[in-house]
Structures are given as structure tokens and as C-alpha cells.
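Reading the structure
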Amino acid sequence: MTVEPSVAGDAPYPATRAVGRWARGYLDRHPTAALRTMGGQCVLAVRTFGCLFSDLARGRFPFTEFVEQATFMARTAVVPTLFVAVPLSVTLAIQFSLLAGQLGATSLAGAANGLAVIRQGAPLVAAVMMAAAVGSATGADLGSREIREETAAMEVMGVSVIRRLVAPRLVASVLIAIALTGFTCFVGFMA
């Protein structure tokens with residue numbers, strides 16, 4: 001079966017040409033969009049740290065928002081961290097015990113397991129839980145504020161969104177990530 005073009009000069013497969021044009025346009029646009037996104041994130045980071053340090057120096061840091069966000073993040077991440085840390089720690093203990101038994105160093109299995117939990121397991125579990133549970137909740141909160149135009153209203157009233165919303169969440173997430181790593185180490189040792 002042959003497909004005949006309807007008009008002289010048309011390609012036999014116009015959909016293929018359309019997909020090709022779209023792919024070429026995407027490849028032309030994608031690096032620019034990626035660089036624009038990365039640049040926006042860098043600018044946000046610089047502005048956030050600038051506001052954070054200036055607010056701490058002036059004593060204007062919103063501690064109530066910080067405490068509220070820290071408690072929210074801790075409540076959000078503790079239970080999933082517990083459910084992920086226990087099986088991971090048990091798996092690491094079994095693997096290191098088997099390896100130590102094969103090498104004839106069974107007396108070092110406990111130390112190797114503790115070292116593996118501290119160096120590998122705890123940071124991994126804490127990072128995954130911060131990204132999955134806390135990061136998605138924080139992103140949803142800030143995104144819904146943007147959709148409801150609360151952030152625009154704050155800017156109109158002269159309140160900096162970065163000072164009021166972003167900087168306290170940044171400090172709270174750093175503090176909770178450190179505490180979550182310690183909690184994961186404790187759970188890993190107990191498991």
C-alpha cells in the first residue's frame with residue numbers, strides 16, 4: 001500500500017514532519033529553559049541567605065514561623081523515617097554480619113554495622129524523608145499560597161515573602177534534617 005500526497009510537494013507523512021519540527025524546537029528551547037530555571041534557583045538562594053543573615057543580625061527573624069514549620073516538619077517525617085530506618089538497618093546488619101562471617105571477622109560485625117548506619121544509612125534515609133515527606137508538603141504549601149495569590153498580597157502589603165515564608169522554612173528544614181539523621185542513627189543502632 002502506498003500513500004500518495006494530496007498536493008504536489010507535500011510529504012507523504014506530515015505527522016512525522018510535525019514531530020520532527022517539535023523535537024528540533026524542543027532541543028533548541030530546552031537548554032535555555034534549564035539555565036533560566038537554575039539561574040532563578042540561584043538568585044532565590046542568594047536572596048534567602050541575604051535575608052536570613054540580615055534578619056538574624058537585626059533580631060527580626062520570624063521565630064514563631066520557624067517553630068511552627070519545624071514542628072510540622074518533625075511531625076511529618078518522624079513516622080515514615082521510623083518505618084524506613086528499621087528495615088534498612090536490619091538489612092545492613094544482616095549483610096555486614098554475613099560478610100564478616102565469610103572473612104572470619106565476626107567480632108567486627110557490630111562495629112561495621114554501626115559505621116554503615118552512621119555513614120550510609122542515616123544520611124540516606126534522612127535525605128529521602130526530607131525530600132519526599134517534608135519537601136512535598138512545603139512545596140505544596142508555598143504553591144497553594146501562590147495559586148491563592150497570598151504571596152502577591154503579601155508583596156502588595158510590603159511584606160517580603162522570602163523573609164516571612166522562605167527563610168524560616170530553610171532554617172527549619174536544616175535543623176530537622178540534622179535531627180532526623182540523629183534519630184535515624186538511634187533507630188538503626190536499636191534495630
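Residues numbered from 1 in each chain as written. Predicted model: local features only at pLDDT ≥ 70, side-chain atom pairs only at ≥ 80, totals over all residues. Heavy atoms only, no water.

Some thoughts on the confidence of the model for the chain
- Overall, the prediction assigns the chain a mean pLDDT of 85, with 94% of residues at 70 or greater.
- Helix α3 (residues 109–147) is the least confidently modelled element of the chain, averaging 85 in pLDDT, while helix α4 (residues 150–156) averages 92, the highest of any element. (pLDDT = per-residue confidence, 0-100. Helix = DSSP H or I, 4+ residues; strand = E, 2+ residues; numbered from the N terminus.)

Topic: the packing of aromatic side chains
- Throughout the structure, instances matching the rule amount to 4 aromatic pairs.
- Judged by centre distance (5.4 Å) and plane angle (15 degrees), the rings of Trp22 and Tyr26 are stacked. Residue Trp22 and its partner Tyr26 are both found in helix α1 (residues 14–58); the two are separated by 4 residues, about one turn of the helix.
- For Trp22, a relative accessible area of 54% corresponds to the exposed category. (Phe/Tyr/Trp six-rings, centres within 6.5 Å; stacked < 30°, edge-to-face > 60°. Buried < 20%, exposed > 50% of the residue type's maximum accessible area, 1.4 Å probe, protein only.)

A closer look at the side chain of Arg145
- Residue placement: Arg145 occurs in helix α3.
- Assessed through its relative accessible area of 19%, Arg145 is described here as buried.
- Excluding its chain neighbours within four sequence positions, the residues that come into contact with Arg145 are Glu150, Thr151, Leu165 and Arg169. (Contact = heavy atoms within 4.5 Å.)

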